[in-house]
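Fold and geometry: a report
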Amino acid sequence: MALPRPEPVEIHAHAMDNLRYIRRTIERAGSFTAVPGLGGVLMGSTALAAAWIAGPRTANLRWLTVWLAEAIVALLIGILGAAVKSRRAGMPLLSGPGRKFVAGFAPAMIAGVVLSAVLFRAGLGELLPGVWLLLYGAAVLSGGWASVRVVPMMGACFMAAGTAALIWLSAPGDVFLAAGFGGLHILFGTIIAIRYGG
Amino acid sequence: MAAKPNKKQLALPIAIPAASGAQKLDRLIHERLRLGILSALSVNETLTFNDLKKLLDTTDGNLSVHARKLEEAGYVLCQKSFEGRVPKTQYKLTAAGRRALERYLDHMEALIGAMRQK
């Protein structure tokens, strides 16, 4: 015996309900893997402050100290932001995707630390803004490859900014650093915060 | 959370309106938890068993049963390994699984579109 056909309204409501469920699950799963958007906005703001404090001269120790301090502050904001976001999503910070992000992110960052020391000692400080942006972009791109699309896209934009900084060495480095670490973090952080749960 | 069949789900017809080309509903992923597994994997390269369990708020047994069905259908890949001495199970969406989810989404949208036209 054939099953009685349900009312069309019920099917429609059920389809809507299913779509909502898919969306909720995707949002939850996506926000779980994505970097913290609000943390990104905050990192961007501290980068703008650092660019203003450090100024355009890339060859002196004060400039390097300001940006190293900014890197540590940004790292702490990033870890804290990710921890808060993971907790809100009910997921452990270093679960599968979290570990993968760190594993993809760390190698390029370690390379950045080594290159920074070598280039600064060699008196090639003017290369540092481009190298930092390029390697940070590579780190975000590879770390966020398995995350929502906006994360690797952010990495690619950082790489483009780094390439531009290395091509136009005559331009003041702080402009690229402010646009990259400041502007791109704020832009993509806002997108992530709005679309991927904070 | 147990994956209990609900009345609405059982009452759904298998064929959808002509507007969508009368494709058949993929019963395999019509089940809530299996739909959740595919949705979560669609935005993650891989997820571990524990990630999925927490994300979908379900039990070990329930997740295991439904994930196996998806694996048997070729919609997800399951990789078992050890992290130290702790066993680890990772799931990945296959191309067939992604297509199935996309078809299912099209199907639901077609249903909604067809009902709105009436």
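Position labels on residues start from 1 in each chain and follow its written sequence. In the order they appear in the text, chains get letters beginning with A and ligands get numbers beginning with 1. Predicted model: local features are reported for residues with pLDDT of at least 70 only, side-chain atom pairs are reported and counted for 80 or more only, and whole-chain, interface and lining totals are derived from all residues. By convention in this description, side-chain values take in all heavy atoms of the structure and omit both hydrogens and water.

A word on a nonpolar patch on the surface. Exposure above 30% relative accessible area and the absence of a salt bridge qualify a residue for a patch, where like charges join within 9 Å and nonpolar side chains (Val, Leu, Ile, Met, Phe, Trp, Tyr) within 5 Å. For every accessible area listed, the method is Shrake-Rupley and the probe measures 1.4 Å; residues are considered covered only by the protein chains on display. A carboxyl oxygen of Asp or Glu within 4 Å of a side-chain nitrogen of Lys or Arg is what we treat as a salt bridge. On the surface, I110, V114 and V118 of chain A cluster together into a nonpolar patch covering about 280 Å² of accessible area. Strands here mean DSSP runs of E at least two residues long; helices mean DSSP runs of H or I at least four residues long; both are numbered from the N terminus. Mapped onto the fold, V114 of chain A is located in helix α4 (residues 96-121).

Here we come to the packing of aromatic side chains. A pair of aromatic rings is counted whenever rings of Phe, Tyr or Trp (Trp by its six-membered ring) have centres within 6.5 Å, and the orientation is called stacked for planes under 30 degrees apart, edge-to-face for over 60 and tilted otherwise. Going through the model one piece at a time under the given rule, you end up with 7 aromatic pairs over all chains. Look at F158 of chain A and F181 of chain A: their rings are 5.7 Å apart centre to centre, the planes differ by 40°, and that puts the pair in the tilted class. One end of the pair, F158 of chain A, is in helix α6 (residues 150-167); the other, F181 of chain A, is in helix α7 (residues 173-195), with 23 residues separating them in the sequence. On the numbers, 6.5 Å between centres and 40° between planes, the contact of F49 of chain B with Y91 of chain B is tilted. Within this pair, whereas F49 of chain B is found in helix α4 (residues 49-55), its partner Y91 of chain B is found in strand β3 (residues 86-93), the two being separated by 42 residues in sequence. As far as the burial class goes, F49 of chain B and Y91 of chain B line up, both buried. Think of it as a cone above the ring: NZ of Lys or CZ of Arg counts as a charge over the ring if it is within 6 Å of the ring centre and within 35 degrees of the ring normal. A cation over a ring is seen here: R32 of chain B above Y21 of chain A, with NZ or CZ 4.2 Å from the ring centre. Classification of residues uses two cut-offs on accessible area relative to the type maximum, computed with a 1.4 Å probe and protein chains only: under 20% is buried, over 50% is exposed, and between them is partly exposed.

Let us now look at helix α6 (residues 95-117) of chain B. In this scheme, a helix's expected span is set at 1.5 Å multiplied by one less than its residue total. With 23 residues, α6 of chain B should reach 33 Å at 1.5 Å per residue; the first-to-last C-alpha distance of 33 Å fits that figure. Among all positions of α6 of chain B, only G97, A100, L101, Y104, H107, M108, A110, L111, I112, A114 and M115 of chain B are buried.

For residues with low pLDDT, the predicted coordinates do not support detailed interpretation. The quantity known as pLDDT measures the predictor's confidence residue by residue, on a range of 0 to 100. Chain-level pLDDT for chain A is 84 on average; 83% of the residues reach the 70-or-more range. Here helix α1 (residues 8-33) of chain A is the element of chain A with the lowest mean pLDDT, 72, and helix α5 (residues 128-143) of chain A is the one with the highest, 94.

Residue and element names in this part refer to chain A. On the secondary structure map, G112 appears in helix α4. Accessibility expressed as a relative area gives 10% for G112, which makes it buried. Sequence separation between G112 and W132 is 20 residues; the distance between their C-alpha atoms is 6.4 Å.

Looking now at the pairing of strand β2 (residues 76-83) of chain B. Residues and elements named next belong to chain B. Pairing of β2 with β3 involves 8 bridges; the strand directions are antiparallel. Among the inter-strand pairings, C78 is bridged to a residue of β3, identified as Y91. Two strands qualify as a pair provided DSSP detects at least 2 bridges between them. Remark: 2 residues form the turn of the hairpin made by β2 and β3, two consecutive strands paired antiparallel; G84 in that turn has positive phi of roughly 70°.

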